[in-house]
Structure formats: C-alpha cells, structure tokens
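Working through the structure, step by step
Chain by chain, the residues:
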Amino acid sequence: MISLLASSNAVASALAVFVAMFASLLLLAIRAWSSTVGLPLGRRARRLVDASTTLMVVLFLALVVVRFRTLG
Amino acid sequence: MTANSRRPPANLLDSGGSLLYGFAGLLLWVVSVTTADFSKMGPMGLVTVVGVPFFIGLALVAVSLTIEINRIGSSDTRLILLTLILVVYIFGTSSAIAPVASLGDSWLHAGITKYILSHGQVLNGYDARFSWPGGFTLGAVLVAFAGKVNALGFLRWFPLIIEMMYLAPVIVIVRYSGVHRKAGWLAVILFYATDWIYQDYFSPQALNYFFMLVVIALTLAFLQPIRDSIPTGIFGQAQRIIARISSPFSRSRALSYESVPVESSAVTLAVLGLAALLCLASALSHQLTPYAIILALSGAYLTRRLGRPELVVAAGLFTVGWLSIGATDFWLGHLSTIFGSVGQLSSTIGSNVTQRVTGSQSHRLIVNSRILITAALYIVAGIGVLVRRPYTRTLEALAAAPFLLVVAQSYGGEALLRVVLYGLPFTTLLAASAIMPHQSGIFNRYLARLRIGFRLRSVTRLIVVALIIFGFAAATFAVRGGNDAYESFSLGELAAVNYTYDHIFKGQTIGMVIPYLPLGQRDVGSVGYFLAADAGGTPTIPYVRSELLKIRPRFIILSASQYAWGRIVEGYPVGWQISLQHYLLAHGYIIVGNWRTATVLRLTSSTTG
C-alpha cells in the first residue's frame, strides 16, 4: 500500500481507478438492493453504507484527476 | 358555447377516415420516390427532386394524424401506424431515392466496424472513435450474425430503421410524462416532425440516442410519483416548499410528491440493473451521450421523478471511468481537447451557429430555416412551460439539462445540435402542452390568465393542428435533406472509390478536396487520406491546388458531390473542378478512371517520389 502511494504514476494507474470504481459500484448496488427489498437496516448501518459510498466515489474522482494530471 | 357545438363533426372524425388518408399519403410517397430522379438534384437538396405529389401525400398524413388524435375512441395502434408513415416520409425518402447511402461518416463507420470484425481489436492512434468502440463492436457482432463480410448492407436504410426504433421508448416517455393523451401523441408526432438533426445515420450516436431514450423511459415508467399526505395551511405550505428544495439532498423524502417503484422489488432491481447496463454500454460507445444521460437522470432526480440517486452515480462512474481508463489513447498528451473549451460559451455558440451560416444563398436559406424551426419549437415549448399546470417540472428540467453540455464542450461545433436533439422528446412535450395544456397539476401556471391552448372551435382546432404538423414536417424534410446535393452519393462516385481501393497499395494516400465521398469502408489504417480543403488554411481554390501538389497523393478523386460542395458552401465559380483537374493533369497526374459523376487521377510513375 505504501509503495502504491509512493508514486503518482502508481496512484494514477488504471488499476487503482478501476478498483475504486468497482468498489463504488458494489456499495451502490448494496444500497439499491437493501432499500428496494426493504432490508431492515438500522440507522447506523444505513449511514455507514452511505458514508462508505460517498468516500469511495470521492476517492475514485481524486484518482481520475491524478491520472489526468500525471499522464495527460 | 355548449359542449356539443365544440365537438367536431362525426363524419370528419370517422374511424376509417384517418387510415384512408394515411394510406393514400403512403401511396403518393411511393409514387414520388419511384419517379424522382436523383441525378437532377439541385442546390436545395432532396426537396428539389420529390415533386408536388410528395407534399400532397404529406398533407394527407398530417390530416390523418390530426383526425386520429382528436377522434373519440382513437386507437393507439392506428396512431402508431400513421406515425410510422410520417417517419417513412421524413426519414425514408433519402434512402429510397439516393442510389447508395448518404453521408461520408456512415461509410467510415462501416470501415471501423469491418476493422474490428477482421482484427478482433481496435486500432489505437488512428481515430478518436476507436476509443469508444462499443457501438462498432455491436455492429461487428451483427455483421457476423447476419453472415455478411462488412456493414455496408446496413448503411442505406439505417436512418429509417433507427428512427422507427425510437418510437417505442418515446411513446413510453410520453405515456408516463404526466401530459394527457392527446397532447402526448401530438408530442410524439412533433418529435419526428422537428428532428432535422441528421444524427440517425449508421453511427454510435444514433445507437446511443436509443439507449438514452430507453434509460429515461425505464426511469419514468417504473418509478412513478405517488401522493403522500400534503400539509395544508401557511406552515404546511412553507414545510412543502422547504421539503421540495431540500428533498433531493435529504435522506427522507416524505412530503409532497415522491417517486417510488410501482413494481415488485425484484422487477425494480432488474429494471435498475438494465438501465445501469445501458449506461455502461453508452459509456463504452460514445463521447457525448453518456453525459447527456447523466444530466437527464440528474434532472429527473432533482425534480423528484427519479426517487433514488444510485443510477445517476453509477452512470457517472461508468462514464468517467471509461474516459479515464478505456479512452486513454484519446486524451494522452492532449487533454486540452476535452477540457480546453470548458466555460468558453461565446466561442462554442459561435462555432455552433454563426460559423454555419455561410455559403451560397440556398445554403444560407437551409441553415437559417433549421435555426427557425428550432427557435419556433422552443418558443412554443416556452409557452407550454408558462401555461401548463403539471404535477412535476421534470419535463422542463429534462429539456433544459442538456444545455449544460454547451458550457463544457463545443464538440467540434456540433454541441448545440446535440443539445437540441437530446432535449427533443421533452421540448416537444412542452410544445404540445402549449397547444393542449394540462390543467390539473399541483404546480400553478406562471400565466394563469393567458388563454393560450385550444379554446377554438373544434374544426378550427383540427385545421390548426394539421397545419402545425404539416408545416413542421415539410420544413424538417426540406432542411434535413438540404445538404444532400453534396452529402449523398451516386453509383459513379462509389465505383470511383472502389476502383481506387482496388489499385492502391498499403501506405499510399488518397487525395480529395473535401471528404464528401463514400470513402473509408475499406483498408482502415493501411491507406492514408489527404483532404486539401481541410488542411488548416482558408480553402480557396489556389490553396487547394497548392496543398494537393505539396502532398502529391498517389490517387486523387474528383466528384460531383465535391463540386456541389464547392459551389454551394464555398461559393467556387462554375467549372472549378474541371479547371482543378486540368491543373493536376499539367502537374504530373493522369486520368485512370472516369465515370459520369467522378474522376480518378493517379500520379504518374515519373513524378512519383
């Protein structure tokens, strides 16, 4: 992890962007599924899912910006 | 005035009358296209070869649609049938008259499809379109499925087929838009009758427009507004307003109107999954449409018509993700292509509008008419916004959302065209609402006392609706085919191109004045092209001559379409291409192929470098 963050090229790699995108999509799918089927999630659990999703989307956008700046 | 006196006469709205007029119109269309002479096309394009029966037939179709919309007990099946006849009129005529497919880009797209089919991969560094290969890959799959060797068989009738495919999602959008049935069907008709934007040729954008319509149709159909308890009184009103403003950003969207799934959770999840899959397909296939989908979904979300944010975020992730990872070859080293025009609104509008109003009188008339049609539609739609009393303002948001694209990108001078296209289903719904306004929603009309809409006597109303449909349809047909004098091709031009491909070797270049040729369908990546008028300077004839001799391409194709372009768009003198040909013959070229509408010149061996 440390070696990954050590270089902007590594952070800007397609793999990093893809993993962040995939994780965001997974969290979004969980959010959509739980609210559609009416899963009785507690308030804390729902907030945790929402916060994780937001964090992962922000991380994805940050990685995209770094990729543009590094390679573009 | 009593209700009976406002009702149209029964014989006028006879159930069989509409179909009779419609099929009579279709018959006249067949007569028109079979007697039209493609070779006699004038500078105004397609409209110059169809003749009077064509417009009589179109008027009959407009009358038949008007009757069927207003008839008591009108049938959806009949309206679909009659709308398809209108679609044939506007989008099938060029395909029926021109001997081969129009628009050079469609031929190039067939070439890209062929490359993917043959090589099983994209060609990096050749064309930006290879960075969004989804649509071409689907085309390659269809070519292989049909047992063909290339996509050329799809080109000619593609515009008509794809426009017919748009009908299903457009009807769903209209049905769940909150606009009542008559206005809804008028909107469907206006959607086709005002679509002069030629983006339905064999291309990723045509396919992606279909994806966009389906995603929005799914959203509107499966997530519908329901009425919860609405607080009353002064405090209740304030509570409603606060809830309406803050609701898109809050966890609880309990007050006022809300969109909720109308099907079981399994069906809703499947629909969301399908919509997400379409967003992914779009992100892989086209540069601009995915952003239009994101804006449309955001508009639906902010106006509470899309009850959940997951689809919007997923569409954004797919789009930005593909741009970042999949389209690296496109932006590597020249990010300014993407972000260079952000915020440069005046230059974008300049490149989209003012720079297009050039050329001969006929060309300027066509371009000005296109602007007028769009302006008229937006004015009527604006009246619709003011006088209708809807349940949501989603249509307004969906019509306005694509304009944000203009702020971000000029898209090679085409952004404004695309914006109008992306908003068209909703703009036409608003325009239809001006003609037949809805009066029962919770949102107040902005102009409550303005009595626009149909309070006319019923027969007058029928005449006005028929005139509106005919006027828009005829004008759209005329301006849509207004460039056909140089954007449609003859068999001679195709033969010249095929001759050139048969005799050219790998690494050699084909030269031309401007790429108005059925070119690019073969040898993608192994043959070079040189466009003399597009080499960077002002394309005067001396400039074109000097550029051609500077590069000295192995073959040069001169053609009737290029000649028409020079006369109509650039104002070149009569016979300019013959003088160019003589000039080239005097400077090392010989004629190796000659057809009535095209000539192929080859650099002689002695002058080859």
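Notes on the structure in this doc start here. (Residues numbered from 1 in each chain as written. Chains lettered and ligands numbered in written order. Predicted model: local features only at pLDDT ≥ 70, side-chain atom pairs only at ≥ 80, totals over all residues.)

Scanning chain A from terminus to terminus reveals four helices and zero strands. Listed N to C, the secondary structure of chain A is α-α-α-α in terms of helices and strands. At a minimum sequence separation of 6, the contacts of chain A that also span at least 24 residues come to 78%. (Helix = DSSP H or I, 4+ residues; strand = E, 2+ residues; numbered from the N terminus. Contact = placed C-beta atoms within 7 Å.)

A count of helical and extended segments in chain B gives 28 helices and seven strands. In chain B, which comprises 609 residues, the proportion classed as buried is 52%. Long-range pairs, those at least 24 residues apart, make up 78% of the contacts in chain B with a sequence separation of at least 6. (Buried ≥ 20, exposed ≤ 12 C-beta atoms within 10 Å, placed from the backbone.)

Right, let's get into the interface of chain A and chain B. At the junction of the two partners, chain A supplies 21 residues and chain B supplies 17 residues. Here the side of chain A that touches chain B gets twelve residues from one element, more than from any other, and that element is helix 3 (residues 14–36) of chain A. Here the side of chain A that touches chain B is built from residues that sort into 14 nonpolar, five polar and two charged. (Nonpolar A, V, L, I, M, F, W, Y, C, P; charged D, E, K, R; others polar.)

Residues and elements named next belong to chain B. Read across the sheet, five strands follow the order 4-3-5-7-6 without closing on themselves; strand pairing throughout is mixed. Across the chains shown, the open sheet's two edge strands, defined by having one partner strand only, are strand 4 (528–531) and strand 6 (589–594). Along the sheet, successive strands turn relative to each other by an average axial angle of 25°, direction set aside. With five bridges joining them, strand 6 and strand 7 (residues 598–603) adopt antiparallel strand pairing. (Pairing = 2+ DSSP bridges. Axes fitted to C-alpha atoms, helices over the stretch in contact; angles between N-to-C directions.)

This brings us to the environment of Gly571(B). All names here are of chain B. Relative to the helices and strands, Gly571 resides in the loop between helix 27 (560–570) and helix 28 (576–585). Residue classification places Gly571 among the partly exposed residues on the basis of 13 C-beta atoms within 10 Å. Remark: the alpha-carbon pair of Gly571 and Leu46, spanning 525 residues in sequence, is separated by 20 Å. Ignoring sequence-local partners within four residues, the contact set of Gly571 consists of Gly359 and Ser360.

Residue and element names in this part refer to chain B. Notably, Leu103 is not glycine yet its phi reads approximately 65°, a positive angle. For Leu103, the position within the fold is in the loop between helix 5 (76–97) and helix 6 (104–119). Given 22 C-beta atoms within a 10 Å radius, Leu103 is considered buried. Positive phi values are uncommon outside glycine, yet Asp523 reaches one of about 55°. Along the polypeptide, Asp523 turns up in the loop between strand 3 (509–512) and strand 4. Its 18 C-beta neighbours within 10 Å are what place Asp523 among the partly exposed residues.

So, about the packing of helix 9 (residues 158–175) of chain B against helix 11 (residues 204–222) of chain B. Residues and elements named next belong to chain B. Viewed as axis vectors pointing N to C, helix 9 and helix 11 meet at an angle of 20°, and their least axial separation amounts to 8 Å. Classified by the angle their axes make, helix 9 and helix 11 are roughly parallel. Along this stretch, helix 9 crosses helix 11, giving a crossing that reads as left-handed. When helix 9 is examined against helix 11, the residues Ile162, Met165, Tyr166, Pro169, Val170, Val172 and Ile173 are found in contact with a partner set consisting of Ala206, Phe210, Leu213, Val214, Ile216, Ala217, Leu220 and Ala221. Across the contact of helix 9 with helix 11, the residue classes tally to 15 nonpolar, no polar and no charged. (Parallel < 35°, antiparallel > 145°, perpendicular 65-115°, else oblique. Left-handed = near helix turned anticlockwise from the far one by under 90°.)

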